[in-house]
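Coordinates in review
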Amino acid sequence: MDSVEDMGPVDYLVIEFPGNRMTGEAFPLLVDLAERGIVRIIDLAFVRKETDGSVVGLEWKELGGEIDLSVFEGASSGVLDETDLAEAAAALDPGNSAAVLVYENLWAAPLAAALRRSGAQLVASGRIPVQALLTALDATEETVPPGGSTAA
């Protein structure tokens, strides 16, 4: 791994699969992002929250033979530990499974490195859920008169 000075922002995702139903449709897209140097997969793990609320870590072979995940074998840096997986599983509904992904945003690494060199530091970060963004855009469209200008 590069030095911390050269790294891009690192994010994590917890992606829930209701009813433990994983189709594998998105995994080739994740591989493509990694192969194109847009992201670097730092860690990828799978968990299941049993109906009694207990949490089970899943091995690759337990995910079902219909999905080929061999390309992700070895995508474990050890960043995620049992505590992280239990915390991720707390967000799940009982009876569901999840992928927990930690990845570096390689596309942003040069910007992040330049900002660090200049003494800047990240003080807040977040995500806007797609539905919230759509709601905000819809509200904006409702306040803009025909012709598109709100200037008086």
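Before reading further, recall that the structure is shown in the block above.
Quick caveat, the model's predicted, so the values are computed rather than measured. (Residues numbered from 1 in each chain as written. Predicted model: local features only at pLDDT ≥ 70, side-chain atom pairs only at ≥ 80, totals over all residues. Heavy atoms only, no water.)

1. Observations regarding the overall build of the protein chain
Counting secondary structure elements, the protein chain contains 4 helices and 4 strands. Across the protein chain, helices and strands are ordered from the amino to the carboxyl terminus as β-α-β-β-α-β-α-α. Out of the 152 residues belonging to the protein chain, those deemed buried represent 28%. Of the contacts made within the protein chain by residues no fewer than 6 positions apart, 82% connect residues no fewer than 24 positions apart. (Helix = DSSP H or I, 4+ residues; strand = E, 2+ residues; numbered from the N terminus. Buried < 20%, exposed > 50% of the residue type's maximum accessible area, 1.4 Å probe, protein only. Contact = heavy atoms within 4.5 Å.)

2. Looking at the pairing of strand β4 (residues 97–105)
Most of β4 is tucked away: 9 of the 9 residues are buried. The side-chain alternation of β4 yields two buried faces, one formed by Ser97, Ala99, Leu101, Tyr103 and Asn105 and the other by Ala98, Val100, Val102 and Glu104. Relative to β4, strand β1 (residues 10–17) runs antiparallel, the two being bridged by 8 bridges. Note on β4: the bridge partner recorded for Tyr12 is Val102. (Pairing = 2+ DSSP bridges.)

3. Thoughts on the packing of aromatic side chains
In this structure the tally under the stated criterion is 1 aromatic pair. Look at Phe27 and Phe46: their rings are 6.2 Å apart centre to centre, the planes differ by 70°, and that puts the pair in the edge-to-face class. With Phe27 in helix α1 (residues 27–35) and Phe46 in strand β2 (residues 39–49), the pair connects residues that are 19 residues apart, well separated along the chain. Neither Phe27 nor Phe46 differs from the other in exposure class; each is buried. (Phe/Tyr/Trp six-rings, centres within 6.5 Å; stacked < 30°, edge-to-face > 60°.)

4. Remarks on the sheet that holds strand β3 (residues 55–58)
A sheet is described by the order of its strands in space; here 4 strands give the open sequence β1-β4-β2-β3, paired in antiparallel fashion. Of all strands in the sheet, those bounded by a partner on one side alone are β1 and β3. Along the sheet, successive strands turn relative to each other by an average axial angle of 25°, direction set aside. Direction of pairing for β2 relative to β3: antiparallel, over a ladder of 4 bridges. Paired with Arg48 across the bridge in β3 is Val56. (Axes fitted to C-alpha atoms, helices over the stretch in contact; angles between N-to-C directions.)

5. Focus on the environment of Leu58
Tracing the sequence through the fold places Leu58 in strand β3. Sequence separation between Leu58 and Ala45 is 13 residues, and the spatial gap between their C-alpha atoms is 7.6 Å.

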